[in-house]
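For reference, the chains in residue letters:
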Amino acid sequence: MGESGAGSGEQGPVGVYLVDDHALFRAGVRAELAAFEDRVRVLGEAGSVAEAVAGIEHLRPAVVLLDVHMPDGGGAEVLRRVRERGVGVVFLALSVSDAAEDVITVIRGGARGYVTKTISGRELADAVHRVAAGDAVFSPRLAGFVLDAFSQGSNSAEVSDPELDQLTRRERDVLRLLARGYSYREIGSELFISVKTVETHVSSVLRKTQLSNRYELSKWASDRRLV
């Protein structure tokens, strides 16, 4: 009986592979799941797309916990490359982002579910078991994004906005939290980046949008349903 198993609790713990570009976050997930090692076992981890694809192909886990945003292509690229190689694993997105576009992109790419990083260790272990068993799992408010997108047709989430398109994924993450009233320090903690990096992203967003202050940015983000 292999560690990666088929995902059933009766067959031993579900083998999991972690993909996230923040080593500190991966360590935290390992620590959380260690309390449920009779149900979930972390087989390996990766911090880049190339490393993730190689590790998944070698270890063949039952479930891959996949970050959405990484510097070298992100979760969608991992999904694409693994699918091309014909590796039969289940993907569960685990991200700080709760933006509709991110949810829909990875689900269209083949992920079986999407949960945010506020999830508890017990909830995450349950989510791993559920997707391994064939269920689709979403954090509560995210399921509506998927239902709306797929009920309205394949192009429903592909709304072109040149101003929004000029922002990087990370700039959108920072803007979304800023618009929700987070302080720079809170944004840094949430995204695992320094306050200085947050300031740099905010300055870049202000320059690209030609806005002058936080209030204007918040309204701009709200108008584009980023909040």
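Above this text is the structure in question.
Residues numbered from 1 in each chain as written. Predicted model: local features only at pLDDT ≥ 70, side-chain atom pairs only at ≥ 80, totals over all residues. Heavy atoms only, no water.

Undergrad: Describe the packing of aromatic side chains, and please don't skip the residues or the numbers.
TA: Under the definition given, this model contains one aromatic pair. If you follow Lys117 out to its NZ or CZ, it ends over the ring of Phe25, 4.1 Å from the centre. (Phe/Tyr/Trp six-rings, centres within 6.5 Å; stacked < 30°, edge-to-face > 60°. Lys NZ or Arg CZ within 6 Å of the ring centre and 35° of its normal.)

Undergrad: Residue-level account of helix H4 (residues 100–109), with values.
TA: Among all positions in H4, only Asp102, Val103, Ile104, Val106 and Ile107 are buried. In the stretch just after H4, Gly110 is the one whose phi turns positive, near 125°. (Buried < 20%, exposed > 50% of the residue type's maximum accessible area, 1.4 Å probe, protein only. Helix = DSSP H or I, 4+ residues; strand = E, 2+ residues; numbered from the N terminus.)

Undergrad: Quick rundown of the sheet that holds strand S4 (residues 90–95)? Include the residues and the values.
TA: On the basis of which strands lie adjacent, the open sheet formed by six strands has the order S2-S1-S3-S4-S5-S6 and parallel pairing. Lying at the two open borders of the sheet, with one neighbouring strand each, are strand S2 (40–46) and strand S6 (137–138). Judged from the two bridges that link them, strand S5 (residues 113–116) and S6 form a sheet pairing that is parallel. Along S6, the bridge assignment pairs Gly113 with Val137. Relative to the sheet, helix H1 (residues 23–34) contacts strand S1 (14–19), S2, strand S3 (63–66) and S4, its axis offset from that of S2 by approximately 170°. On the sheet, helix H3 (residues 74–84) packs against S3 and S4 and is oriented at approximately 170° with respect to S4. (Pairing = 2+ DSSP bridges. Contact = heavy atoms within 4.5 Å. Axes fitted to C-alpha atoms, helices over the stretch in contact; angles between N-to-C directions.)

Undergrad: Break down the environment of Ala50 for me, citing the residues and quoting the values.
TA: Locating Ala50 in the fold gives a position in helix H2 (residues 49–59). Accessibility expressed as a relative area gives 46% for Ala50, which makes it partly exposed. When the C-alpha positions of Ala50 and Arg81 are compared, they lie 9.0 Å apart, and in sequence the two are 31 residues distant. With near-sequence residues (within four places) excluded, Ala50 lies in contact with Asp72 and Arg81.

Undergrad: Tell me about H1, residues and numbers included.
TA: Taking 1.5 Å of rise per residue, 12 residues should cover 16 Å, and H1 covers 16 Å from first to last C-alpha, within 8% of that figure. Residues Phe25, Arg26, Val29 and Leu33 constitute the buried set of H1. Projection of H1 onto a plane perpendicular to its axis shows the buried side chains occupying an angular sector of 100°, all on one side. What points out from H1, more than 90 degrees from its buried face, is the exposed set Leu24 and Ala31. Along its buried surface, H1 packs onto S1, S2, S3, S4 and helix H5 (121–132). (Expected span 1.5 Å × (residues − 1). Arc of directions from axis to C-beta.)

Undergrad: Please provide a residue-by-residue account of unusual backbone geometry, values included.
TA: Phi is positive for Phe192, close to 60°, though the residue is something other than glycine. Judged by its relative accessible area of 33%, Phe192 falls in the partly exposed class. Positive phi, close to 60°, is recorded for Gln210, a residue that is not glycine. Here Gln210 lies in the loop between helix H10 (195–209) and helix H11 (214–223).

It is worth stressing that arrangement in space is one thing and function is another; only the former is reported here.
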